[in-house]
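# Structural features, examined
If you want the building blocks of each chain, they are given just below.
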Amino acid sequence: MMRYSARAAQPGAEIDFSLLWLALGLLGLGLVMVYSASLAIAEAARYTGHNGEYYLIRQGVFIGMGVAAGAAAFQVPMRVWQQAAPYLFLAGLLLLVVVLVPGIGREVNGSRRWIPLGFANLQPSELMKLLAVLYAADYTTRKAAFMHDFKKGFLPMAAVMMATGALLLSEPDFGAFVVIVAIGMGILFLGGLNWRVFAALVVVLLAGFALLIVSSPYRMQRILGFMDPFADPYGKGYQLSHALIAFGRGEWFGLGLGGSVEKLFYLPEAHTDFLLAVIAEEFGFVGVAVVIALFGWLIVKAFLIGLRASQLERYFKALVAQGIGIWLGVQTLINMGVNVGLLPTKGLTLPFLSFGGSGIVANCLAIALLLRIDWENRQMGRGKAY
């Protein structure tokens, strides 16, 4: 076997520029739409100094930070990421504990999910999604021989996910919990978990999610509001009813950039959780279809990169790429489902597009890892070992 070359990755034609430009295109679209959706709110708010460009500037800074972090992450070989995966995951768990400490974690609307850093707020649950991908991929690779053994293969991973879930539900952040469970289960399944065990676990998880909803009054209210938002349009169904109005107003081609009325203090969280509704109102069905197509293309590319790594027998890389595809796919599906009323309201943003620093940085790191895996695949295709 050839000896591993420690030299850093050199940019060039071997990088998948279609993936890079796809990600940058989504970030650019998000920057424009965040500005459009937040302009009125920013001009009216005292904490922004009545500066209409407040969210635009911050989102631009977040994107710059994300691109810089991604560029640095691309230089790190996947071998190093695999070695560091357990320690990074432990660091993520520590952050989930720290955010719950009174006086450290910042509480907004009844949820304690952020750690103030002065210039911005760190949301550990966003970074935890990426760390869960790395950890689950490393675990599945190490335990490949025990994937058909429920006790040795699944239970240790289940214990780790339960501990992570307990911390997330304490914030509470049910949406992040669902995404991380999907990541863990998806990677285990792709890594060879017995399909009978997997099917039984899916049933148990669905029952567990139902129990969590029934046992929590605020989650139950969201379910009831989601089922018929116009039954209580000024209460439980307020957000969803205005999101649906935005979709209806957009029709086929929308009202044009800046033409949304719902973003003018009617639709809450217009620049974060419900950004897709503003896109629908301003660009119509065609605009939403384009956004869906872009995300579909991104997710397919992630799985194709993973497939190539699997063919080269680099299973950690394969599971990381596919895990990123699962993460982005599930989160995108949930956010879009919430916006159109197919799923109950959850605090999950639209990857790459919605306002938020931690989410943007985590998304950029995910793209960097995909680019790195693809780059190493190409090097191996040329006879170099990674």
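It should be noted that the structure appears before, not after, this text.
My aim in this report is to walk through the structure given alongside it, one point at a time. (Residues numbered from 1 in each chain as written. Predicted model: local features only at pLDDT ≥ 70, side-chain atom pairs only at ≥ 80, totals over all residues. Heavy atoms only, no water.)

### Here's the deal with the packing of aromatic side chains
Selection criterion: The criterion for an aromatic pair is that two Phe, Tyr or Trp rings (for Trp, the six-membered ring) have centres within 6.5 Å, with stacked assigned to planes under 30 degrees apart, edge-to-face to planes over 60 apart and tilted to the rest. Strands are runs of DSSP state E lasting at least two residues, helices are runs of H or I lasting at least four, and both sets are numbered from the N terminus onward. Relative accessibility under 20% of the residue-type maximum defines a buried residue, over 50% an exposed one, and the middle range a partly exposed one, all with a 1.4 Å probe and only protein chains included.
A complete count under the given rule lists nine aromatic pairs for this structure. Pairing Phe74 with Trp375 gives two aromatic rings, centres 6.5 Å apart and planes at 75°, and the pair type is edge-to-face. Of this pair, Phe74 sits in helix H2 (residues 54–74) while Trp375 sits in helix H12 (residues 357–381), placing them 301 residues apart in sequence. Assessed through its relative accessible area of 3%, Trp375 is described here as buried. Taken together, the ring pairs connect Tyr47, Tyr54, Tyr55, Phe62 and Phe355 into an aromatic cluster.

### Examining unusual backbone geometry
Across the junction of Glu171 and Pro172, the peptide omega takes the value -5°, indicating a cis bond. If you trace the backbone, Pro172 turns up in the loop between helix H5 (150–170) and helix H6 (174–190). Despite not being glycine, His50 has its phi angle at roughly 55°, a positive value. Tracing the backbone through its elements, the reader meets His50 in the loop between helix H1 (17–44) and H2. Classification of His50 as partly exposed rests on a relative accessible area of 48%.

### Remarks on the nonpolar core
We apply this condition: Here, the term nonpolar core denotes a set of buried Ala, Val, Leu, Ile, Met, Phe, Trp, Tyr and Cys residues that are joined through side-chain atoms within 4.5 Å. We call two residues contacting when some pair of their heavy atoms lies within 4.5 Å.
Counting 101 residues, the largest nonpolar core has Val320, Ile324, Trp327, Phe352 and Leu353 as the members making the most contacts within it. If we ignore the near neighbours within four places in the chain, the residues touching Ile324 are Val133, Ala366, Leu369 and Leu370.

### Digging into the layout of surface pockets
The cut-off we apply is this: The pocket and cavity definitions rest on a 1 Å grid over protein atoms only: a 1.4 Å probe that fits but cannot leave marks a cavity, an open set with protein on both sides within 12 Å along at least five of seven lines marks a pocket, and residues lining either have an atom within 4 Å of a point. Grid points are joined across faces, edges and corners, and a volume is the space filled by probe spheres set on the points. We call Asp, Glu, Lys and Arg charged. Ala, Val, Leu, Ile, Met, Phe, Trp, Tyr, Cys and Pro are nonpolar, and the rest, Gly among them, are polar.
Taken as a whole, the largest pocket holds about 1300 Å³ of empty space. Lining the largest pocket are 46 residues, with Val108, Asn109, Trp114, Glu269 and Thr272 sitting closest to its centre. Contributing elements (two or more residues each) for the lining of the largest pocket: H2, strand S1 (106–108), strand S2 (111–116), helix H8 (217–227) and H12. The element best represented in the lining of the largest pocket is H12, accounting for five residues. Broken down by class, the residue content of the lining of the largest pocket amounts to 20 nonpolar, 18 polar and eight charged.

### Quick notes on the packing of helix H4 (residues 124–142) against H5
Operational definition: For helices, the axis comes from a line fit to the C-alpha atoms of the stretch in contact; other axes are also lines fit to C-alpha atoms, and the angle between any two N-to-C directions lies between 0 and 180 degrees. When an angle is under 35 degrees it counts as roughly parallel; over 145 it counts as roughly antiparallel; between 65 and 115 it counts as roughly perpendicular; any other value is oblique.
Running from N to C, H4 and H5 point in directions that differ by 170°, and their axes come no closer than 12 Å. In terms of orientation, H4 lies roughly antiparallel with respect to H5. Counted together, Ser125, Met128, Tyr135, Ala136 and Tyr139 of H4 and Lys152, Gly153, Phe154, Pro156, Met157, Val160, Thr164 and Leu168 of H5 form the full contact between these two elements. Split into classes, the residues belonging to the contact of H4 with H5 amount to nine nonpolar, three polar and one charged.

### Digging into the pattern of salt bridges
Once the charged atoms of two side chains with opposite charge are near each other, the side chains can pair. The line we're drawing: Each reported salt bridge corresponds to a side-chain nitrogen of Lys or Arg within 4 Å of a carboxyl oxygen of Asp or Glu.
Taken as a whole and judged by the stated rule, the model has nine salt bridges. One salt bridge connects Lys129 with Glu126, and the closest N-O pair in it is separated by 3.3 Å. With Lys129 and Glu126 both in helix H4, this residue pair falls three residues apart, about one helical turn. We note that Lys129, like Glu126, is buried. Taking the shortest distance from any N to any O, the salt bridge between Arg142 and Asp138 comes out at 3.0 Å. Of the two residues, Arg142 and Asp138 both sit in helix H4, four residues apart, roughly one turn of that helix. Using a relative accessible area of 47% as the deciding quantity, one classes Arg142 as partly exposed. For Asp138, a relative accessible area of 3% gives the class buried. Look at the salt bridges and you will find they share partners, linking Lys317, Arg372 and Glu376 into a network.

### Re H6
Our working rule: In this scheme, a helix's expected span is set at 1.5 Å multiplied by one less than its residue total.
Helix length check: H6 (17 residues) gives 24 Å between terminal C-alpha atoms against 24 Å at 1.5 Å per residue, within 8%. Most of H6 is tucked away: 14 of the 17 residues are buried. Following H6 by one or two positions, Gly192 adopts a phi angle in the positive range, close to 110°.

### Focus on the sheet that holds S2
Hydrogen bonds between backbone atoms are what pair the strands of a sheet, whose relative direction is either parallel or antiparallel. Applied cut-off: Any two strands with at least two DSSP bridges between them are considered paired.
What the three strands build is an open sheet, ordered S1-S2-S3; its pairing is antiparallel. Every interior strand has two partners, whereas the edge strands, S1 and strand S3 (121–122), have only one.

### Examining the packing of helix H9 (residues 238–250) against helix H10 (residues 275–311)
To keep it simple, the criterion reads: What makes a crossing left-handed is the near helix being turned counterclockwise from the far one by less than a right angle; a clockwise turn instead makes it right-handed.
Between H9 and H10, the least distance of the axes is 7 Å, while the angle of their chain directions is 35°. Judged by the twist between their axes, the crossing of H9 over H10 is right-handed. Residue-level contacts link Ala243, Ala246, Phe247, Arg249 and Gly250 of H9 to Leu276, Ala277, Ala280, Glu281, Gly284 and Val288 of H10. Along the lines of polarity and charge, the residues of the contact of H9 with H10 split into seven nonpolar, two polar and two charged.

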